[in-house]
Amino acid sequence: MGIKQFNGTYLINEDRILFRFNTQNQEEYRLWFTRRVTLFILAATSHLLAKKLEKSYSPDAAKALNEFEKQAILDAAKIEQSASPSYEGGQNYPLGFDPILVQDVTCALTKNGEKLAQINDLKEGEIDPDLSVDFALPGGANLNLKLPPNTLQTMCVLLDQLRLQAEWGEAVLQMKNSPTEEQNSEVKMSENISIH
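Here's a quick rundown of the structure. (Residues numbered from 1 in each chain as written. Predicted model: local features only at pLDDT ≥ 70, side-chain atom pairs only at ≥ 80, totals over all residues. Heavy atoms only, no water.)

**Here's the deal with the side chain of S132**
- By the element assignment, S132 lies in strand β7 (residues 131–136).
- At 2.8 Å, the side chain of S132 forms a polar contact with the side chain of N144.
- With residues near it in sequence (within four places) discarded, S132 still touches T106, C107, A108, T110, K115, N144, L145 and K146. (Helix = DSSP H or I, 4+ residues; strand = E, 2+ residues; numbered from the N terminus. Polar contact = N/O pair within 3.5 Å; in protein donor to acceptor, adjacent residues only side chain to side chain. Contact = heavy atoms within 4.5 Å.)

Put into structure tokens, the structure is as follows:
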């Protein structure tokens, strides 16, 4: 599934984000993101992208590079906003036309398409370029996206702008597990972190 565009709207009466994306195949997915889910996505993806960069750079350099990439995407989005076409609605809705509430999210680095349990022992170049994002949906359904870093950063820039509009505060990642578990490449809402 090649993602073509992201779109999001903060709806004050729902206190949720209507998050939509379309694909090259003219499919559209519509999801509700709560404050908890949105802040988790922002914190977890930032953490995992930084860990991935730390395979090639020092932790401080990785953090700075991650922030630089976010700012570059935000600046490019501001320039392109006036020239880019508006969001194109899909013709097919694999999950249905009505938005579906995302109940939980799991983000993970992958190797050969498989989610990694630990990234400490990996050698350079062994991590897949894409990050896996799983949206847990009602009824046990799951929507998995494998997103390249630039696409993921674009999604996060949009979510961060909507977070600011909603006045939901900062996304803060606090690890509760032991230092070796902190390096876990998969971050789950209920197990490894809390968001404040």
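The structure having been displayed, the exposition proceeds.
**Observations concerning helix α3 (residues 149–166)**
- With 18 residues, α3 should cover 26 Å at 1.5 Å per step; its first-to-last C-alpha distance of 25 Å lies within 8% of that length.
- Of the residues making up α3, those classed as buried are L152, Q153, M155, C156, V157, L159, L162, R163 and A166.
- One or two positions beyond α3, positive phi appears at E167, with a value near 60°. (Expected span 1.5 Å × (residues − 1). Buried < 20%, exposed > 50% of the residue type's maximum accessible area, 1.4 Å probe, protein only.)

**Regarding the pattern of salt bridges**
- This structure, assessed with the given rule, holds eight salt bridges.
- With its nearest N and O atoms 2.6 Å apart, the salt bridge here joins R30 to E28. As far as the burial class goes, R30 and E28 line up, both buried.
- Of the charged contacts in the structure, one is a salt bridge between K51 and E54, with a shortest N-O distance of 3.5 Å.
- Shared partners join several salt bridges into a network, and the residues in it are R20, E28 and R30. (Salt bridge = Lys/Arg side-chain N within 4 Å of Asp/Glu carboxyl O.)

**Here we look at the state of the cysteines**
- Tallied over the full model, the rule gives zero disulfides.
- C156 takes part in no disulfide bond, and the closest cysteine sulfur, belonging to C107, lies 8.0 Å away. (Disulfide = S-S within 2.5 Å.)

**Observations regarding the pairing of strand β5 (residues 104–111)**
- Of all eight residues in β5, six are buried; the element is thus mostly enclosed.
- Bridging between β5 and β7 involves six bridges; their strand directions are antiparallel. Directly across from L109, in β7, lies its bridge partner L131.
- Where β5 and strand β6 (residues 114–115) come together, two bridges link them in antiparallel fashion. Across the sheet, residue T110 finds its bridge partner in β6, namely K115. (Pairing = 2+ DSSP bridges.)

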